[in-house]
Amino acid sequence: VRHAHKVTCSLSAIETEALLHDVPSAYNTQINDILLTALALCIANWSNQSKVFLDLEGHGRESLNETLDLSHTIGWFTSIFPICLQLSNEHDSLGAAIKNVKEQLRKLPQKGVGYGLLRYMNPKASVALAGLKNPEISFNYGGQFKEVPLESLGNEWSADTTLKYKFNITGAIVNKML
């Protein structure tokens with residue numbers, strides 16, 4: 001952590017509004033699909049690779065079945081799982097790339113929530129999955145927030161903590177701006 005660098009950027013409220021409403025409605029997607037497509041295209045272009053391997057973090061409150069009701073629980077749930085996004089032909093349009101990423105994300109069983117249970121609670125799967133290479137990139141879109149206090153709450157980690165990822169990308173909409 002001591003040697004990490006933090007880069008922060010944002011879109012204007014007008015750009016964010018278009019990203020939230022115009023783009024997803026044009027492609028029948030969710031904001032996460034759009035952000036992941038942009039990230040995958042950026043990394044693929046930078047690395048000259050058509051596959052982008054990353055850990056995807058979700059809010060963990062997915063509706064897994066009709067009998068599980070999490071509406072009366074408090075706290076922060078998180079699901080983290082690896083995904084390899086395969087981009088198609090580099091000459092495809094942006095619309096085709098969005099559709100491609102969206103389809104890959106929709107194929108994830110239970111939006112990836114079961115990965116942690118499989119990896120850490122199933123002894124046979126745990127052994128098989130333990131040998132996999134860990135992604136160097138993580139991505140988390142946290143959602144929309146009306147306000148975030150500007151005062152610091154202190155350091156999140158010790159300066160001596162070893163970071164798990166080379167790139168930890170976190171996005172949120174705060175005060176109507178991504």
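Residues numbered from 1 in each chain as written. Predicted model: local features only at pLDDT ≥ 70, side-chain atom pairs only at ≥ 80, totals over all residues. Heavy atoms only, no water.

### Considerations on the packing of helix α1 (residues 13-27) against helix α2 (residues 31-47)
For any two helices packed against each other, one specifies the crossing angle of their axes together with the interaxial distance.
Link 1 in the chain: At a minimum axis distance of 9 Å, the contact between α1 and α2 shows a crossing angle of 90°. In terms of their interaxial angle, α1 and α2 are classed as roughly perpendicular. Counted together, Leu19, Leu20, Val23 and Pro24 of α1 and Ile31, Ile34 and Leu35 of α2 form the full contact between these two elements.
Link 2 in the chain: In the contact of α1 with α2, the residues fall into 7 nonpolar, no polar and no charged. (Axes fitted to C-alpha atoms, helices over the stretch in contact; angles between N-to-C directions. Helix = DSSP H or I, 4+ residues; strand = E, 2+ residues; numbered from the N terminus. Parallel < 35°, antiparallel > 145°, perpendicular 65-115°, else oblique. Contact = heavy atoms within 4.5 Å. Nonpolar A, V, L, I, M, F, W, Y, C, P; charged D, E, K, R; others polar.)

### Side note on the confidence of the model for the protein
Residues shown with low pLDDT carry predicted positions that ought not to be read at fine detail.
Link 1 in the chain: In the predicted model, the protein carries a mean pLDDT of 85, and 90% of its residues have values of at least 70.
Link 2 in the chain: Within the protein, helix α5 (residues 123-130) has the poorest average pLDDT of any element, 79, and α2 the best, 93. (pLDDT = per-residue confidence, 0-100.)

### Notes on the pairing of strand β1 (residues 51-58)
Link 1 in the chain: Pairing analysis gives 8 bridges linking β1 to strand β2 (residues 79-86), with the strands arranged antiparallel. When the sheet's bridge partners are listed, Glu57 is paired in β2 with Ile80.
Link 2 in the chain: Judged from the 3 bridges that link them, β1 and strand β3 (residues 137-145) form a sheet pairing that is parallel. The partner of Leu56 across the bridge, within β3, is Phe139. (Pairing = 2+ DSSP bridges.)

### Digging into the pattern of salt bridges
Link 1 in the chain: This model, assessed by the stated rule, comprises 3 salt bridges.
Link 2 in the chain: In this structure, Glu136 engages Lys166 in a salt bridge whose closest nitrogen and oxygen atoms are separated by 3.4 Å. Taken as a pair, Glu136 in the loop between α5 and β3 and Lys166 in the loop between β3 and β4 (167-174) lie far apart in primary sequence, 30 residues in all.
Link 3 in the chain: Note on Lys166: relative accessible area 62%, which makes it exposed. (Salt bridge = Lys/Arg side-chain N within 4 Å of Asp/Glu carboxyl O. Buried < 20%, exposed > 50% of the residue type's maximum accessible area, 1.4 Å probe, protein only.)

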